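Here is how the chains run, residue by residue.
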Amino acid sequence: MATAGQMRAISGILQIIGLLVVLVAGYWIWYANWGPNPNDRIGTSIAPMLPAPFRDWGCGKLNQRFGGESPTVCSPVAADAAPPAPGAPDGSGRL
């Protein structure tokens, strides 16, 4: 059984994680709906980490707002591309 101090520590950690989730989701919503730049550095960094439905919704909004200028993370090729396996050759002849 966890002590009261341990429960407070766990609760604090969970609150911080929850706050981070809310901040990241809030930034993505702002960026998709009102962000002035389709290639916003933070927004394009967040996109690949999002669950597919949330990313697809935001990319749809960005495509509506910016048309052909939507970020490359929203392109179908970027969504289907998997990151290379560690140690896999990248086509440059180096490992």
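Residues numbered from 1 in each chain as written. Predicted model: local features only at pLDDT ≥ 70, side-chain atom pairs only at ≥ 80, totals over all residues. Heavy atoms only, no water.

## Some details on the overall build of the protein chain
This is how it is decided: Helix and strand assignments follow DSSP, with helices taken as H or I runs no shorter than four residues and strands as E runs no shorter than two, numbered in order from the N terminus. Here's how the labels work: a residue is buried when its accessible area is under 20% of the maximum for its type, exposed when over 50%, partly exposed in between, all with a 1.4 Å probe on protein chains only. Any two residues whose heavy atoms approach within 4.5 Å are treated as being in contact. Accessibility throughout is a Shrake-Rupley quantity obtained with a 1.4 Å probe, and a residue counts as covered only by protein chains that appear here.
Looking only at helices and strands, the protein chain features four helices and zero strands. Secondary structure elements of the protein chain, listed N to C terminal, follow the sequence α-α-α-α. Burial statistics for the protein chain: of 95 residues in total, 22% are counted as buried. Of the contacts formed within the protein chain by residues at least 6 apart in sequence, a portion of 56% connects residues at least 24 apart. When the accessible surface of the protein chain is split by element, carbon and sulfur atoms take 67% of a total near 6900 Å².

## Brief notes about the side chain of Asp40
In plain terms, the rule: None of His or the chain ends enter the tally, which takes Lys and Arg as positive and Asp and Glu as negative. A pair is scored as a salt bridge if a Lys or Arg side-chain nitrogen falls within 4 Å of a carboxyl oxygen belonging to Asp or Glu.
Along the polypeptide, Asp40 turns up in the loop between helix H1 (4-34) and helix H2 (41-46). There is no salt bridge for the buried Asp40, and the closest opposite charge comes from Arg41, which lies 7.4 Å off by N-O distance. Each residue touching Asp40, except ones within four places of it in the same chain, is listed here: Tyr27 and Tyr31.

## Description of the side chain of Asn33
In this structure, Asn33 sits in helix H1. The exposure class of Asn33 is buried, given its relative accessible area of 17%. Once residues within four sequence positions are removed from consideration, Asn33 is found in contact with Trp57, Lys61 and Arg65.

## Details of the nonpolar core
Soluble globular proteins tend to pack their nonpolar side chains together in the buried interior. What counts is decided by this rule: Only buried residues count toward a nonpolar core, which is a set of Ala, Val, Leu, Ile, Met, Phe, Trp, Tyr and Cys residues joined through side-chain atoms within 4.5 Å.
In this structure, Trp28, Tyr31, Ile46, Ala47, Leu50, Cys59, Leu62, Phe66, Val73 and Cys74 together form the largest nonpolar core, which totals 10 residues. Elements with a minimum of two residues in this core: H1 and helix H3 (52-66). Apart from the residues within four sequence positions on either side, Trp28 is in contact with Gly43, Ile46, Ala47, Leu50, Phe54, Arg55, Trp57, Gly58, Cys59 and Leu62.

## Comments concerning the state of the cysteines
Worth spelling out the cut-off: Any cysteine sulfur atom paired with another within 2.5 Å is treated as part of a disulfide.
This structure, assessed with the given rule, holds one disulfide. What pairs with Cys59 in a disulfide is Cys74, and their sulfur atoms sit 2.1 Å apart. Judged by the sign of its S-S torsion, about -75°, the bond between Cys59 and Cys74 is left-handed. Here Cys59, found in helix H3, pairs with Cys74, found in the loop between H3 and helix H4 (76-80); they are 15 residues apart in sequence, far enough to count as distant.

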